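Tertiary structure, described
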Amino acid sequence: KTKEVLQLLRDEQPHSLEAIDITDTDKTDIFDKYKWDIPVLHINGLYWTKHRLTPEEAVQALSRAKEGSFEKQRGEPNAAAMEKKMAERNAQS
């Protein structure tokens, strides 16, 4: 699990972890975007990864964040956009 990987690395790679309950009523925008891809991780507000995480990936990303060189990663999920495209395709059929 991603949370366990990050907890194991806390001493080696100090960081904070904020869990957000996307089912809270004030988080509907986040729920709409990530509902099929939990967990989704960000570093300093930038998309990092989803679903799984190895210790090696975590060390690499946290090191880049510490150096100030972390960049948003490709592949950020967006269920709402995907569902909108599917609805548009179905409407055209």
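The structure we're discussing is the one just above.
In this report, we go over the structure that sits alongside the text. (Residues numbered from 1 in each chain as written. Predicted model: local features only at pLDDT ≥ 70, side-chain atom pairs only at ≥ 80, totals over all residues. Heavy atoms only, no water.)

Broken down by element type, the protein chain carries 4 helices and 2 strands. Mapped in sequence order, the helices and strands of the protein chain form the string α-α-β-β-α-α. Its C-alpha atoms give the protein chain principal-axis dimensions of about 55 × 25 × 20 Å. Here the protein chain holds 93 residues, and 25% of them are scored as buried. Of all intrachain contacts in the protein chain linking residues separated by at least 6 positions in sequence, the fraction that spans at least 24 positions is 55%. Total accessible area on the protein chain stands at roughly 7,100 Å², and carbon and sulfur atoms take up 48% of it. Across the protein chain, the centroid of the 15 positively charged side chains sits 5 Å from that of the 17 negatively charged ones. (Helix = DSSP H or I, 4+ residues; strand = E, 2+ residues; numbered from the N terminus. Buried < 20%, exposed > 50% of the residue type's maximum accessible area, 1.4 Å probe, protein only. Contact = heavy atoms within 4.5 Å. Areas by Shrake-Rupley, 256 points an atom, 1.4 Å probe, with all protein chains shown as cover. Lys, Arg positive; Asp, Glu negative; His and termini not counted. Charge placed at Lys NZ, Arg CZ, Asp CG, Glu CD.)

On to the pattern of salt bridges, then. Going through the model one piece at a time under the given rule, you end up with 5 salt bridges. Across the pair K27 and D26 runs a salt bridge, and its minimum N-O distance is 3.1 Å. E83 serves as the salt-bridge partner of K35, at 3.1 Å between the closest nitrogen and oxygen. Remark: E83 occurs in helix α4 (residues 79-92) and K35 occurs in the loop between α2 (28-34) and β1 (40-43); sequence separation between them is 48 residues. Taken together, the shared-partner salt bridges in this structure form one network comprising K33, K72 and E76. (Salt bridge = Lys/Arg side-chain N within 4 Å of Asp/Glu carboxyl O.)

Moving on, we get to the pairing of strand β2 (residues 46-50). In the sheet, β1 pairs with β2 via 4 bridges, with the strands oriented antiparallel. Within β2, the residue paired with V40 across the bridge is K50. Between the end of β1 and the start of β2, which pair antiparallel, lie 2 residues, with N44 showing a positive phi angle near 50°. (Pairing = 2+ DSSP bridges.)

It is worth spelling out the layout of surface pockets at this point. What the largest pocket holds in volume is close to 820 Å³. Taken together, 23 residues line the largest pocket, and the ones lying closest to its centre are L17, E18, V40, L41 and H42. Mapped by element, the contributors of at least two residues to the lining of the largest pocket are α1 (2-8), α2, β1 and α3 (55-67). (1 Å grid on protein atoms, 1.4 Å probe; cavity = no way out; pocket = protein on both sides within 12 Å on 5 of 7 lines; lining within 4 Å. Points joined across faces, edges and corners; volume = space filled by probe spheres on them.)

A few words now on the environment of A19. Relative to the helices and strands, A19 resides in the loop between α1 and α2. In the structure, A19 is positioned 16 residues away from K3 in sequence and 9.5 Å away in space, judged by C-alpha atoms.

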